Amino acid sequence: MSTTRGRLISFEGGEGAGKSTVIQAVQARLRERAIGFESTREPGGTPLAEAIRALALSAEWQGRMCAETELLLVFAARAQHVRERILPLLEAGTWVIADRFTDASFAYQGGGRGQPEERIRALESWAACDLQPDLTFLLDLPVQTGLARADARGPRDRMELEQESFFERVRVAYLRRAAQSPERFRIIDASRPREEVADSVLQALDAWLATVVPA
Ligand code: TMP
């Protein structure tokens, strides 16, 4: 008997978008539906990729890490993560819930840092095995609102130390990417209270599940 391949669902958004709350709601829904899944995050998701994350996001390198190094680090982490964990899980029929994936590189390294799209696309192709999520939630909210929420959470990491204009470019790049793949993306207004945001995500998830999993 052949196993049905698992699905990859990713969650994206700027700083302070409220991904954690939404991800918890989605995890609960998948459990209710008896869908086997694992949760992970990027950069990170394996011991080596987590070590690369610590290096990539450390405030120690603020103003000293060049854009090319940053791009290669996030893809070094992803190359490991995809091969060691995500692909084996999907092949075994387990679903994967990812707190960020390659869209974040198009938004942060592409939009934010100005790295050429075709360069990121090439990395996606060989370093990330051209793996695309089946469904992506983009939690969109004004930059200032998100940064204020992130500040309430704790000290800023190297990315969060960037100027607001950087995050405006990130936001625009995410929205452009969502517009390019409307069948995969669900854009969610994340400026609303957490429960409302989670409800919208669950509604969209249920509608999508109805198309991919028999009830
Ligand atoms: P977060 O998971 O807490 O949101 O933090 C991850 C940070 O790393 C966030 O600032 C976005 C950034 N990032 C990139 O710049 N490029 C990437 O490809 C990924 C996955 C994350």
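Let me sum up the structure you'll find in this document. Note that this is a predicted model, so its numbers are computed, not measured.

### Side note on the overall build of the protein
- Each helix and strand counted, the protein has eight helices and five strands in total.
- In the protein, the succession of helices and strands from N to C terminus is β-α-β-α-α-β-α-α-β-α-α-β-α.
- Against the globule reference of 17 Å for 215 residues, the protein gives a C-alpha radius of gyration of 17 Å, in line with a compact fold.
- In terms of principal-axis extent, the alpha carbons of the protein reach across some 50 × 40 × 30 Å.

### Quick look at the sheet that holds strand β5 (residues 185-189)
- Here five strands make up an open sheet; going across it, the order is β2-β3-β1-β4-β5 and the pairing parallel. Single-partner strands in this sheet number two, and they are β2 (37-41) and β5. Each neighbouring strand pair of the sheet contributes to a mean axis angle of 20°, computed without reference to strand direction.
- Sheet contacts for helix α1 (residues 19-32): β1 (8-13), β2, β3 (95-99) and β4 (135-140); angle to β3, the most-contacted strand, approximately 170°.
- In this fold helix α8 (residues 194-212) packs onto β1, β3, β4 and β5, with an angle of close to 165° to the strand it touches most, β4.

### A look at unusual backbone geometry
- A cis amide bond links E42 with the next residue in sequence, P43, at an omega value of -15°.
- With respect to the helices, strands and loops of the structure, P43 is situated in the loop between β2 and α2 (47-57).
- Despite not being glycine, C129 has its phi angle at roughly 55°, a positive value.
- Looking at the secondary structure, you find C129 in the loop between α5 (117-126) and β4.
- Since its relative accessible area comes to 33%, C129 is described here as partly exposed.

### Some details on the packing of aromatic side chains
- Counted under the stated rule, the structure contains five aromatic pairs.
- Aromatic side chains W95 and W208 sit 5.9 Å apart centroid to centroid with 75° between the ring planes, which places their arrangement in the edge-to-face category. One end of the pair, W95, is in strand β3; the other, W208, is in helix α8, and 113 residues separate them in sequence. As far as the burial class goes, W95 and W208 line up, both buried.
- The ring of F75 has R78 sitting right over it, with the charged end atom 4.7 Å from the ring centre.
- Sitting over the face of the ring of F106, R177 holds its NZ or CZ atom 3.7 Å from the ring centroid.

### Remarks on the nonpolar core
- Within the largest apolar cluster, 26 residues are counted, with the highest numbers of intra-cluster contacts made by I9, F11, F137 and L205.
- Contributions of two or more residues to this core are made by β1, α1, β3, β4 and α8.
- Looking at this core, the element that brings in the most residues is α8, giving eight residues.
- Discounting chain neighbours no more than four positions away, the residues touching F11 are K19, V22, I23, V26, I97, A98, D99, R100, F137 and V201.
- Formed by 15 residues, the second largest nonpolar core is a distinct cluster that contains L57, A104, A107 and F167.

Reading the values: rules and limits
Residues numbered from 1 in each chain as written. Predicted model: local features only at pLDDT ≥ 70, side-chain atom pairs only at ≥ 80, totals over all residues. Heavy atoms only, no water. Helix = DSSP H or I, 4+ residues; strand = E, 2+ residues; numbered from the N terminus. Rg over C-alpha atoms; globule rule 2.2 N^0.38 Å. Pairing = 2+ DSSP bridges. Axes fitted to C-alpha atoms, helices over the stretch in contact; angles between N-to-C directions. Contact = heavy atoms within 4.5 Å. Buried < 20%, exposed > 50% of the residue type's maximum accessible area, 1.4 Å probe, protein only. Phe/Tyr/Trp six-rings, centres within 6.5 Å; stacked < 30°, edge-to-face > 60°. Lys NZ or Arg CZ within 6 Å of the ring centre and 35° of its normal. Core = buried A, V, L, I, M, F, W, Y, C linked by side-chain atoms within 4.5 Å.

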